[in-house]
Amino acid sequence: MDFLVAVNTVLNRLGEDSVASLDESNSSVPTVLPLFEMYREQLLQQGWYFNKFQIEVPKDIVSNGYNLGPQALAFEPTTPVKGVLSRGGQYLVDPHWGSIQHRDMPDKITGWVTTDMNWEELPVLAQQWVLWSVAADMCTQRFGDQSAQTQFCLSKVQQLEPQMHLDHARSKQYRLTSHRAFACGGDILEFNGSNYVFRG
């Protein structure tokens, strides 16, 4: 879905005319855009089948950490290490964790990374969830939470959520039944310095 189409859908629910550009300031566009960003981030932070992957990351000898890339939002290591994810996508191991010293850190670690995605990369269901969440938020602010406009938007969100969870559960089941593929490395991602790529 084109992002401008999504924004205009929200504007139309508010009773406003569509805009030809996101630069138009004589509408609710400046208010709507931050909400799109907020709900997109909220969705992605949950870690869905489309943005949470098992990865293997080599140690960065310069930082004594593991470079997950700038699009990394969260990391759950399966290698027994403890650390923190920095803003730049570096997973930095706590030097006081256990008895580990930087020189004893594993050459590579594995785990589950939750990645950022822009609007165009989101699946259609995810785009629609963000769109109608924004519309519900804006309609609540303008018309109240009991208005017909707000209830219509909330019903759209509620209709989308079961399908999203079903798709997520199906993908999770596939991952469980494909464990052997993970062990062989066929479905493990590696960060090559700019993108995540399948290894194998």
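Before reading on, note that the structure itself is shown above.
Chemist: What am I meant to see in the packing of aromatic side chains here?
Modeler: Here a ring pair, both rings aromatic, is described through the centre-centre distance and the interplanar angle of the planes. Counted under the stated rule, the structure contains seven aromatic pairs. Plain terms: the ring middles of Phe-36 and Trp-119 are 5.7 Å apart, the flat faces sit at 80° to each other, and that makes the pair edge-to-face. With Phe-36 in helix 2 (residues 29–45) and Trp-119 in the loop between strand 6 (108–115) and helix 3 (124–143), this pair connects stretches of sequence that are 83 residues apart. Comparing Phe-36 with Trp-119, the two get one shared label, buried. Every member of this aromatic cluster is reached through a ring pair, and the members are Phe-3, Phe-36 and Trp-119.

Chemist: It is not clear to me how the side chain of Glu-16 should be interpreted in this structure. Could you clarify?
Modeler: With respect to the helices and strands, Glu-16 occurs in the loop between helix 1 (3–13) and helix 2. On the basis of relative accessibility, which here comes to 18%, the residue Glu-16 falls in the buried class. A polar side-chain atom of Glu-16 sits 2.4 Å from a polar atom in the side chain of Ser-28.

Chemist: Teacher, can you tell me more about the packing of helix 1 against helix 3 here?
Modeler: In a packed pair of helices, the relevant descriptors are the angle between the two axes and the axis-to-axis distance. Running from N to C, helix 1 and helix 3 point in directions that differ by 25°, and their axes come no closer than 9 Å. Relative to helix 3, the element helix 1 is oriented roughly parallel. The crossing of helix 1 and helix 3 is right-handed. For the pair helix 1 and helix 3, the contacting residues are Ala-6, Thr-9, Val-10 and Arg-13 in the first and Leu-131, Trp-132, Val-134, Ala-135, Met-138, Cys-139 and Phe-143 in the second.

Chemist: I'm lost on helix 2 in this one. Help?
Modeler: Each α-helix winds once per 3.6 residues, and so residues spaced three or four apart point in a common direction. For helix 2, which comprises 17 residues, the first-to-last C-alpha distance of 24 Å matches the rise-based estimate of 24 Å (1.5 Å per residue) to within 8%. Buried within helix 2 we find Val-29, Val-32, Leu-35, Phe-36, Tyr-39, Arg-40, Leu-43 and Leu-44. Mapping the buried residues of helix 2 onto a view down its axis gives an arc of 160°, with all of them on the same face. Positive phi appears at Gly-47, one or two residues downstream of helix 2, with a value of about 75°.

Chemist: Quick question: what am I supposed to make of the environment of Thr-9 here?
Modeler: On the secondary structure map, Thr-9 appears in helix 1. By relative accessible area, Thr-9 is classed as partly exposed at 22%. Along the chain, Thr-9 and Ala-135 lie 126 residues apart, while their C-alpha atoms are 8.1 Å from each other. In contact with Thr-9, not counting residues within four places along its chain, are Leu-131 and Trp-132.

Chemist: Please clarify how the pattern of salt bridges should be interpreted in this entry.
Modeler: A pair can form between side chains of opposite charge whenever their charged atoms are brought close. Scanning all chains against the criterion turns up six salt bridges. A salt bridge links Asp-116 to Arg-40, with the nearest nitrogen and oxygen atoms 2.6 Å apart. With Asp-116 in the loop between strand 6 and helix 3 and Arg-40 in helix 2, this residue pair connects regions lying 76 residues apart in the sequence. Residue Glu-56 pairs with Lys-108 through a salt bridge whose shortest N-O separation is 3.5 Å. One end of the pair, Glu-56, is in strand 1 (residues 52–60); the other, Lys-108, is in strand 6, and 52 residues separate them in sequence. Among the ionic contacts, a cluster of salt bridges with common partners joins Glu-37, Arg-40 and Asp-116.

What counts as what
Residues numbered from 1 in each chain as written. Predicted model: local features only at pLDDT ≥ 70, side-chain atom pairs only at ≥ 80, totals over all residues. Heavy atoms only, no water. Phe/Tyr/Trp six-rings, centres within 6.5 Å; stacked < 30°, edge-to-face > 60°. Helix = DSSP H or I, 4+ residues; strand = E, 2+ residues; numbered from the N terminus. Buried < 20%, exposed > 50% of the residue type's maximum accessible area, 1.4 Å probe, protein only. Polar contact = N/O pair within 3.5 Å; in protein donor to acceptor, adjacent residues only side chain to side chain. Axes fitted to C-alpha atoms, helices over the stretch in contact; angles between N-to-C directions. Parallel < 35°, antiparallel > 145°, perpendicular 65-115°, else oblique. Left-handed = near helix turned anticlockwise from the far one by under 90°. Contact = heavy atoms within 4.5 Å. Expected span 1.5 Å × (residues − 1). Arc of directions from axis to C-beta. Salt bridge = Lys/Arg side-chain N within 4 Å of Asp/Glu carboxyl O.

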